[in-house]
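Breakdown of the fold
What follows is each chain in one-letter form.
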Amino acid sequence: MTHFLVTRILSAMLAILGVICLVFLLIHLIPGDPVEVMLGESAQPTDKESLRHALGLNLPLHQQWWIYFKGLLHLDLGTSLFSGRAIVDLLIERIPATLYLSLVSLIVAIGLALPLGLVAAVRQHTPLDYGAMGFALFGMSIPNFWMGPLLILVGALWLGWFPVSGQEGWNSVVLPALTLGTAMAAILARMIRSSVLEVLGEDFMRTARAKGLSSTRAVLHHALPNALLPILTLLGLQLGGLLGGAVITETVFAWPGLGLLMIEAIQQRDYPVVQAAVLCISVTYIMVNLLTDLLYAWLDPRIQFTTD
Amino acid sequence: MRLWLPLSIVASWAFLAIFLPLFSLTPDAIDLTNILSPPSLEHWLGHDDLGRPVADRLISGAQTSFFVSLCVVALGVSLGGILGVSSAYLSGWVDAVFVRMVDIMLAFPGLLLAIALAGALGPGIGNVILALGIVGWVGYARLARGQVLALKHADHVLAAQAIGAPPWRIILRHLLPLIMAPLIVEASFGIAGAIIAEAGLSFLGLGVQPPAASWGSMIRDGTRYMLVAPHLVIFPGLTLMAVVLAANMLGDWLRDRLDVKEQSSRRKS
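Residues numbered from 1 in each chain as written. Chains lettered and ligands numbered in written order. Predicted model: local features only at pLDDT ≥ 70, side-chain atom pairs only at ≥ 80, totals over all residues. Heavy atoms only, no water.

Some details on the overall build of chain B
Check the secondary structure of chain B and you find nine helices and zero strands. If you list the helices and strands of chain B from N to C, you get α-α-α-α-α-α-α-α-α. Along the first, second and third principal axes, the C-alpha atoms of chain B reach 75 × 40 × 30 Å. Relative to all contacts within chain B whose residues are 6 or more apart in sequence, the contacts with residues 24 or more apart total 72%. (Helix = DSSP H or I, 4+ residues; strand = E, 2+ residues; numbered from the N terminus. Contact = heavy atoms within 4.5 Å.)

Structural data, given as structure tokens:
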């Protein structure tokens, strides 16, 4: 167990280090002179030189990396070229909105996927099953940048129940959370179905039925808890899709989170902010996966962990 | 039904994309008398904010998505396949480095890295393919590696080694043919993912540039006129969804047909 703990944490730290390297290199992928791209061709040579110095782009690559890395250790992500503010402050401002949206979307996703997956598994090969899985296939195939505008059209413009965009009032989260949550629910429902199906064939399910439990009780108290365990790690992985999809969904709804910050920064050619946003989201993703893995190990002591 | 409906959708998508030059379409023709005009008998799908025919632009967008998704999947399968197979077969430090590399790539949430890459590289169809390809190879590589690990001690591989076959020959003749089925299944889901990803990048303004048409940029442009001309958003979205749904259904069908176990590594935007 300790061995698992240590290797898992070490590999997460290694992944974070790798992510830092890739994010650092991002600015060097810009074709041509990055300073010229950021400031525009008409910028004064002195301005260009001072930005080059500020970003350390005149130094050799390994020195640049070391400076970038030291900055990160001090939580110094540089300043935004567009607003001139410290990037850390920008991130802190935007994180709550993304966190809130992700959390509500997660609740929507679980609330939709749990009954769908469960019913589909218990009533396998019935119209209920086909209906639930059909919904899942649809949910997987509807891109969120189409579902978002459709929800705006119906829920905001036609019915007028929800605001079109932004984060004002309690009900502004409904449409973006539905957009993100449905996409996630589709994949989740498929997983829950196959996981429950697997458990339904176990010996202890027959025992539960044999000792006289109603089938509802047997499914809810014996099958579901065992089926949910493997879902947990997949849920962590799914969160990556959620965070990636949140970038587009936040753009659709002008939701003031990290994703929108990143897209705005790309449009303003404010690359230090782009780097910081990518880093922030990716590190969150790594940490969430680490936590779900540890939680899984803690919840299910049967599992023998291998370090592949 | 499970095969023919999705197959016909995907086939017509491919047909329209490949033979686009044969139809006399005018996706860029501006007609100021027809701005935002709704669907009519002459123009089935109406006109957009510049009076361009939506139907023609949809077909032109089909070509964009077809070209991009085909290139992205081809790039991903060949690069990922080669890297994954050689890593598993050579094992040792090569494999250890490879596994770390894959772990780092997977540490980024799916589409996020592609958006950042496309943002850094700048807009344009070539950069979209590059960005999605860089992100996309990882899944195939991991799949190929896992398959080869399970196969490399099989009797026929040992026999080939015993008669002195060189590694490249063993990989090409004795391993690759056996791992094609799961790769093909993964690739068909990959097509669906790449179509959505291309449209997503174009929706964000990071894909093909105007006046070229993409389903994603058509949806983005249409959202501005949603109340007066909802057809500008509805038709490109419906087309996109139909093709993606068909590709996913084909993938499901192929998986059942080729008897491949479901992969949990699948990503979605």
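With respect to the pattern of salt bridges
The tally for this structure, following the rule as stated, stands at twelve salt bridges over all chains. R224 of chain B is the salt-bridge partner of D221 of chain B, the closest N and O atoms lying 3.3 Å from each other. Here the salt bridges do not stand alone but share partners, grouping R190 of chain A together with D252 and R255 of chain B into one network. (Salt bridge = Lys/Arg side-chain N within 4 Å of Asp/Glu carboxyl O.)

Regarding the interface of chain A and chain B
Contacts between the two partners involve 52 residues from chain A, matched on the other side by 45 residues from chain B. Here chain A meets chain B over a buried area of about 4,100 Å², counting both sides, of which 77% is carbon and sulfur. Broken down residue by residue, the surface that chain A buries against chain B is led by S141, F145 and W146 of chain A, which jointly contribute 16%. Inspection of the region where chain A meets chain B yields one salt bridge. A salt bridge links D252 of chain B to R190 of chain A, with the nearest nitrogen and oxygen atoms 3.2 Å apart. (Buried area = accessible area lost by both parts, 1.4 Å probe.)

A word on unusual backbone geometry
Between P210 of chain B and P211 of chain B the backbone carries a cis peptide bond, its omega angle lying at 10°. Mapped onto the fold, P211 of chain B is located in the loop between α7 (167-203) and α8 (215-223). Even without glycine at this site, L75 of chain A takes up a positive phi of about 55°. Looking at the secondary structure, you find L75 of chain A in the loop between α4 (61-73) and α5 (87-122). The phi dihedral of H125 of chain A is positive, around 60°, even though this residue is not glycine. Turning to its location among the elements, H125 of chain A is positioned in the loop between α5 and α6 (127-141).

Here's the deal with the nonpolar core
Formed by 131 residues in total, the largest nonpolar core has its most connected members in F145 and M262 of chain A together with W13, I115 and W215 of chain B. Here the element with the most residues in this core is α7 of chain B; it accounts for 15 residues. Sequence-distant contacts of I115 of chain B, defined by excluding residues within four places in its chain, comprise V247, M262, I263 and I266 of chain A together with L201, L204 and L206 of chain B. Counting residues in each nonpolar core, the second largest holds 37 residues, with L106, V196, M205 and A246 of chain A among its members. (Core = buried A, V, L, I, M, F, W, Y, C linked by side-chain atoms within 4.5 Å. Buried < 20%, exposed > 50% of the residue type's maximum accessible area, 1.4 Å probe, protein only.)

Comments concerning the packing of aromatic side chains
Under the defined criterion, the tally for this structure stands at seven aromatic pairs over all chains. Where F24 of chain A meets Y68 of chain A, the ring centres are 5.7 Å apart and the plane angle is 40°; that geometry is what we call tilted. With F24 of chain A in helix α1 (residues 2-26) and Y68 of chain A in helix α4, this pair connects stretches of sequence that are 44 residues apart. Accessibility assignment for this pair places F24 of chain A and Y68 of chain A in one class, buried. Ring plane angle 80° and centroid distance 5.1 Å describe the contact between W13 of chain B and F66 of chain B, whose orientation is recorded as edge-to-face. Note that W13 of chain B is positioned in helix α1 (residues 4-18) and F66 of chain B in helix α2 (residues 54-90), a separation of 53 residues in sequence. The class for F66 of chain B is buried, based on a relative accessible area of 14%. In this structure an aromatic cluster arises from ring pairing among W65, W66 and F69 of chain A. (Phe/Tyr/Trp six-rings, centres within 6.5 Å; stacked < 30°, edge-to-face > 60°.)

Re α5 of chain A
Between its first and last C-alpha, α5 of chain A extends 50 Å over 36 residues, near the 52 Å set by a 1.5 Å rise per residue. In the structure, α5 of chain A departs most strongly from a straight axis at R94 of chain A, where the bend amounts to approximately 30° and where the proline P96 of chain A lies between one and four residues downstream. (Expected span 1.5 Å × (residues − 1). Bend = angle between axes of the 7 residues up to and from the residue.)

Some details on the environment of I191 of chain B
All names here are of chain B. Along the chain, the position of I191 falls in helix α7. I191 sits 118 residues away from V73 along the chain, and the two C-alpha atoms are 6.4 Å apart. Beyond its immediate stretch of four places on either side in the chain, I191 contacts W13, S69, L70, V73 and A247.

Side note on the side chain of T182 of chain A
Residues and elements named next belong to chain A. Along the chain, T182 turns up in helix α8 (residues 174-200). Owing to a relative accessible area of 10%, T182 belongs among the buried residues under this scheme. With sequence-adjacent residues up to four places away left out, T182 is seen in contact with L112, F135 and M147.

Things to note about the packing of helix α7 (residues 144-158) of chain A against α8 of chain A
Residues and elements named next belong to chain A. Between α7 and α8, whose axes approach to 9 Å, the crossing angle comes to 145°. In this structure, α7 crosses over α8, and the sense of that crossing is right-handed. Two secondary-structure elements touch here, α7 through N144, M147, G148, L151, I152 and A156 and α8 through L175, L178, T179, L180 and T182. (Axes fitted to C-alpha atoms, helices over the stretch in contact; angles between N-to-C directions. Left-handed = near helix turned anticlockwise from the far one by under 90°.)

Notes on a nonpolar patch on the surface
A surface patch of nonpolar side chains, about 700 Å² in accessible area, is lined by V154, L157, W158, L159, W161 and V164 of chain A together with L227 of chain B. Mapped onto the elements, L157 of chain A comes out in helix α7. (Patch = residues over 30% accessible without salt bridge, like charges linked within 9 Å, V, L, I, M, F, W, Y side chains within 5 Å. Areas by Shrake-Rupley, 256 points an atom, 1.4 Å probe, with all protein chains shown as cover.)

So, to be careful, I would describe these as geometric facts and stop short of saying anything about function.
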